[in-house]
Amino acid sequence: MSSDASDEWKKWHEQRVESVAGPYGPLALTGTHWLDDHPDGRLPDIPGVWTADGDGVVLAAAAVDGLTVDGRPLDGEVRLAADTGAAAAARVAHGERRLVVLVREGLWGVRDFDPGAGTRRAFRGIDATPYDPRWSVPGRFTPYGEDRTVRVRNHDGRERGLGLAGSLAFALDGREFTLQVAAQGDVLWAVFADSTSGDGSFRFRFLYPAAPDGQGRTTVDFNRAQLPPCAFADHFICPFPPPGNTLDIAIEAGERNLV
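Note that this is a predicted model, so its numbers are computed, not measured. (Residues numbered from 1 in each chain as written. Predicted model: local features only at pLDDT ≥ 70, side-chain atom pairs only at ≥ 80, totals over all residues. Heavy atoms only, no water.)

## Observations regarding the sheet that holds strand β5 (residues 72-73)
Phase 1: Spatially, β1-β9-β8-β7-β4-β5 is the arrangement adopted by the six strands of the open sheet, whose pairing is antiparallel. Looking at the sheet topology across the chains shown, the edges are occupied by β1 (29-34) and β5.
Phase 2: Where strand β4 (residues 67-69) meets β5, two bridges bridge the pair, whose relative direction is antiparallel. Note that in β5 the partner of Val-69 across the bridge is Arg-72. (Pairing = 2+ DSSP bridges. Helix = DSSP H or I, 4+ residues; strand = E, 2+ residues; numbered from the N terminus.)

Structure representation (C-alpha cells):
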C-alpha cells in the first residue's frame, strides 16, 4: 500500500468529519420548508413572511422579529435570490441560525441551519473503511452528445430531474462497470448504490471523481465514497441513484454509515 495515498486518505477523512460536524454543516439542518406548502408565508418556527415571487423570494419582517439580512436588522421588505454558497454565508440570519433560500425546479424553499441542533450534539463520527488501493482504479469519462435529464425519486419522496453529463467506465476485480454521472464544473458526480447498500453501508452514496483530462481519463476512487447529506439530516432531498447506477458488487470502501 502506498503510504502517501493512505496518509492523504486519512487527511481527507479527518477533513470530512470536521466539515460535517461544523456549526453549519449538514448535521445542523433542522428543516427544509417549501413555500408552496405555506401559502400564508409563515414558516414553522421562522419569523417573517416569506413569499415566492417569480425569480425570487420576498421576505417581510419587523425589527421585533429579530431577522438580519447581510448582518443588518430587517424592518420592512427585501427581495432574495437563491443562496448558492455555504450555509454560513447565507444572507438571512436569526441569531446563530442561518436561513438559506433555495429553488428546485421552480419551487422556492428555505432551509434552517441551527448550530444548536441535537443531531450535532449526538454526532459520534463517520464509519469509514481504511484506505485500500484495490478500490482506486483508472476510469474514462465519455460525455453524452447533449445533456440528459432523468426523473429520479428523492429522499423526501418526490421525483425530480437529475441532469447527467456522461458515462464513467472502469474495471473492478476484472469486471467492467459504468456509472452515469453529472458534472459540477470540472468535477464529476455520481450517485450510486452497490450490494452493501442498506446492509453494511447507507442505502446509496456519492462519489466525486477528479476532473477528467483531455482524453477523458480520471481516477475512480471508492475509498472516497461519501455519505449523502440526507444521511446526516432527514431534511435534505438527495436524489437516489439513476438507472444503471446500482452496481452488483460489494463496494466495501469509503464512508459506510454514521458511527
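That covers the picture; the talk isn't over yet.
## Brief notes about the nonpolar core
Phase 1: Ranked by size, the top nonpolar core spans 30 residues in total, and within it Phe-113, Phe-204, Phe-232 and Phe-236 carry the most contacts.
Phase 2: Every residue in contact with Phe-232, bar those within four places of it in the chain, is listed here: Arg-16, Val-20, Pro-26, Leu-27, Thr-119, Ile-126, Leu-227 and Leu-258.
Phase 3: Grouped together as the second largest cluster of nonpolar side chains are 21 residues, Ala-190, Leu-207, Val-220 and Leu-247 included. (Core = buried A, V, L, I, M, F, W, Y, C linked by side-chain atoms within 4.5 Å. Buried < 20%, exposed > 50% of the residue type's maximum accessible area, 1.4 Å probe, protein only. Contact = heavy atoms within 4.5 Å.)

## What about the packing of aromatic side chains?
Phase 1: Applying the stated rule across the entire model yields ten aromatic pairs.
Phase 2: With 6.5 Å between their ring centres and 65° between their planes, Phe-113 and Phe-236 make a pair best called edge-to-face. Of this pair, Phe-113 sits in strand β9 (residues 107-113) while Phe-236 sits in the loop between β16 (217-221) and β17 (254-258), and the two are 123 residues apart along the sequence. As far as the burial class goes, Phe-113 and Phe-236 line up, both buried.
Phase 3: Taking the centre distance of 6.5 Å and the plane angle of 80° together, the rings of Phe-206 and Tyr-208 count as edge-to-face.
Phase 4: Assessed through its relative accessible area of 6%, Phe-206 is described here as buried. (Phe/Tyr/Trp six-rings, centres within 6.5 Å; stacked < 30°, edge-to-face > 60°.)

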